[in-house]
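Per-entry structural report
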Amino acid sequence: MNHRWASSVIAVSSEYGSVEWGAIQLLGAPDVYPNYGDIESSWSPGGWDDPDEYFELGYTHPIPINYIDIYETFGPGTVDSVYVKNPGTGLFELVYSATPQYAGDTATILHITFPMTTFPVSEIRVSLETAAVEGWNDFDAVGIGNDLPNSYSWSTGDTLATLNVSTSGTYSVSITNSIGCTSSSEPLEITVNPLPVVTIGSDMYTGVCSSSFLLSGGIPAGGTYNGIGVSNNEFDPTIGPGSYAIEYSYTDSNGCSSSASNQITVTDAPVTTLNSFQNICSDAAPFTLTGGSPTGGTYFGTGVSNGMFDPSIGSGTYQINYIFEDSLGCSTVADQQITVELCLGLSDDKLDRGIFCYPNPANEKVVVNTSLVEKFYTIEIFNSIGSKVYSESLQEINDTHSLEIDLHQFPAGSYILRVATEIGITNKKLMIEK
Ligand SMILES: [Ca+2]
Ligand SMILES: [Ca+2]
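About the thresholds
Residues numbered from 1 in each chain as written. Chains lettered and ligands numbered in written order. Predicted model: local features only at pLDDT ≥ 70, side-chain atom pairs only at ≥ 80, totals over all residues. Helix = DSSP H or I, 4+ residues; strand = E, 2+ residues; numbered from the N terminus. Buried ≥ 20, exposed ≤ 12 C-beta atoms within 10 Å, placed from the backbone. Contact = placed C-beta atoms within 7 Å. Domains from an automatic or database assignment. Pairing = 2+ DSSP bridges. Axes fitted to C-alpha atoms, helices over the stretch in contact; angles between N-to-C directions. Core = buried A, V, L, I, M, F, W, Y, C linked by C-beta atoms within 7 Å.

Turning our attention to the environment of S249. Following the sequence through the fold, S249 ends up in strand β20 (residues 242-251). Judged by C-beta crowding, with 16 C-beta atoms within 10 Å, S249 ranks as partly exposed. For the pair S249 and N226, spaced 23 residues apart in the sequence, the C-alpha separation amounts to 8.0 Å. Setting aside residues no more than four positions away along its own chain, S249 makes contact with G223, T224, N226, S257 and S259.

Domain parsing of the protein chain yields domain 1 (2-146), domain 2 (151-190), domain 3 (204-267), domain 4 (273-341) and domain 5 (349-432). Look at where the C-alpha atoms of domain 4 and domain 5 centre, and you get two points 34 Å apart.

Across the sheet, which stays open at both edges, the 4 strands sit in the order β34-β33-β36-β37 with antiparallel pairing between neighbours. Lying at the two open borders of the sheet, with one neighbouring strand each, are β34 (388-396) and β37 (424-432). Ignoring strand direction, the axes of neighbouring strands in this sheet form an average angle of 15 degrees. With 6 bridges joining them, strand β33 (residues 375-382) and strand β36 (residues 413-421) adopt antiparallel strand pairing. Looking at β36, one finds that T378 is bridged to A420.

Let us now look at the nonpolar core. L26, L57, I70, V82, I124, V126 and V142 are the most contacted members of the largest nonpolar core, which has 28 residues in total. When residues of this core are traced back to their parent elements, those giving at least two are β3 (53-63), β4 (67-74), β5 (79-86), β8 (121-128) and β9 (138-146). Non-local contacts of V126, meaning those with residues more than four positions away in its chain, are made with Y54, F55, I70, V79, V82 and V142. If you look at the next biggest cluster of nonpolar residues, it comprises 15 residues, including V368, I381, Y415 and L417.

This next bit is on unusual backbone geometry. Residues I219 and P220 are joined by a peptide bond in cis, for which omega reads 0 degrees. Here P220 shows up in the loop between β16 (213-214) and β17 (224-226). With omega at -5 degrees, the peptide bond leading from Y358 into P359 counts as cis. Turning to its location among the elements, P359 is positioned in the loop between β31 (355-358) and β32 (365-370). Of note in this structure, N232 is not a glycine but carries a positive phi near 50 degrees. Within the element layout of this structure, N232 appears in the loop between β18 (230-231) and β19 (234-235). A positive phi angle is found at N306, which is not glycine, with a value near 50 degrees. Positionally, N306 belongs in the loop between β27 (304-305) and β28 (308-309).

Strand order in this open sheet of 4 strands is β1-β9-β4-β7, and the pairing throughout is antiparallel. Where the open sheet ends on each side, the last strands, each with one partner, are β1 (2-5) and β7 (108-113). Between one strand axis and the next, the sheet turns through 20 degrees on average, direction left out of account. Here 6 bridges tie β4 to β7, and the two strands are oriented antiparallel to one another. Of the residues in β7, the one forming a bridge with Y67 is T113.

Here we come to the environment of V198. Among the structural elements, V198 can be located in the loop between β14 (188-190) and β15 (204-207). Looking at V198, the number of C-beta atoms within 10 Å reads 20, which means it is buried. Sequence separation between V198 and T251 is 53 residues, and the spatial gap between their C-alpha atoms is 9.5 Å. Aside from chain neighbours lying at most four places away, what touches V198 is I219, G223, Y248, Y250, S258, S259 and A260.

Set out below in structure tokens:
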């Protein structure tokens with residue numbers, strides 16, 4: 001691109017002043033634009049609406065041109081024709097004409113384009129119709145030129161403005177503009193560095209329950225990890241089950257970057273279940289708990305020890321828990337209820353009728369009386385939740401065939417008195433009142 005600003009005033013129809021608003025204010029680059037107003041660094045004709053105003057400007061280093069820019073910084077819109085002088089004929093040739101009219105209250109560049117002149121231009125003429133736009137009409141500067149591109153010749157033989165190189169070497173370029181002027185660059189030494197070799201290591205596996213962890217394994221160290229679920233080089237498995245691409249990027253001291261990637265697979269938490277339990281008698285033997293899935297987990301809860309449940313805990317409903325942990329450290333728990341019942345055995349009708357306890361309700365003591373047997377194997381008392389609160393073994397029967405039990409430490413309530421004898425077992429409901 002080749003651009004010129006006016007270097008001399010050849011002729012002017014009139015001027016408001018010899019310096020301020022004088023024709024010399026048209027020379028050089030714009031110094032008012034983009035400001036707008038009746039400003040002294042622009043040329044103004046002597047009157048605001050006089051007829052036949054014009055100016056002629058000279059340019060050094062003439063070149064063929066295909067555009068003219070007229071900077072109008074007050075009352076724009078008055079240009080009616082523009083000419084360029086042909087040095088071969090000495091005549092002005094018309095390159096633009098228009099009907100002058102109001103063009104707004106803003107600084108304006110009238111950009112005129114036309115076919116490239118066949119001759120270098122050193123002189124132009126602009127004529128105005130100042131009466132077409134009310135008030136003063138000021139001009140800041142006038143540029144001329146052509147938009148032919150420069151041509152480039154690289155030492156590689158390439159001809160574009162930009163050269164991308166991928167091998168080390170010495171490079172230079174010669175640039176020739178539209179009028180044949182050539183300038184060459186100094187030789188430029190360029191070293192092309194190899195890309196760093198970057199690795200990340202093998203794929204990884206984790207579970208959704210795992211904590212965030214710092215990613216590692218990228219070589220050379222000092223790079224950064226990126227990907228879904230990654231923040232500050234940490235991976236957070238709570239993003240959920242799935243496979244996630246992890247990229248490790250490393251930039252060496254030359255600013256050369258490479259990357260490598262692998263995958264992290266996040267496994268969902270295990271599905272743990274526990275089968276329901278049947279009710280069990282409180283006098284049953286401790287038993288090994290089963291029914292948890294997947295196998296290999298652990299049972300825990302009240303009455304549970306070493307994978308066994310002991311019904312002697314007494315009647316009631318208890319929660320049995322089963323926890324399973326997978327190989328990635330994720331664990332889940334399933335639970336079921338187990339009900340322990342007070343199973344006091346079958347009563348013998350004859351025995352039942354032959355054994356009495358009185359008074360009932362009782363207060364401080366109760367007497368167990370029998371006429372049928374010589375010996376009680378055991379006498380036991382269970383409270384309302386099935387816990388054994390009293391036990392006496394191998395009680396010899398006295399002369400009155402009765403046994404007295406001290407009740408003063410038992411709170412009021414409903415109890416079961418179980419009597420095991422040489423001929424069987426019977427259960428008596430015993431009320432204690434205080
Ligand atoms: Ca005017
Ligand atoms: Ca000016």
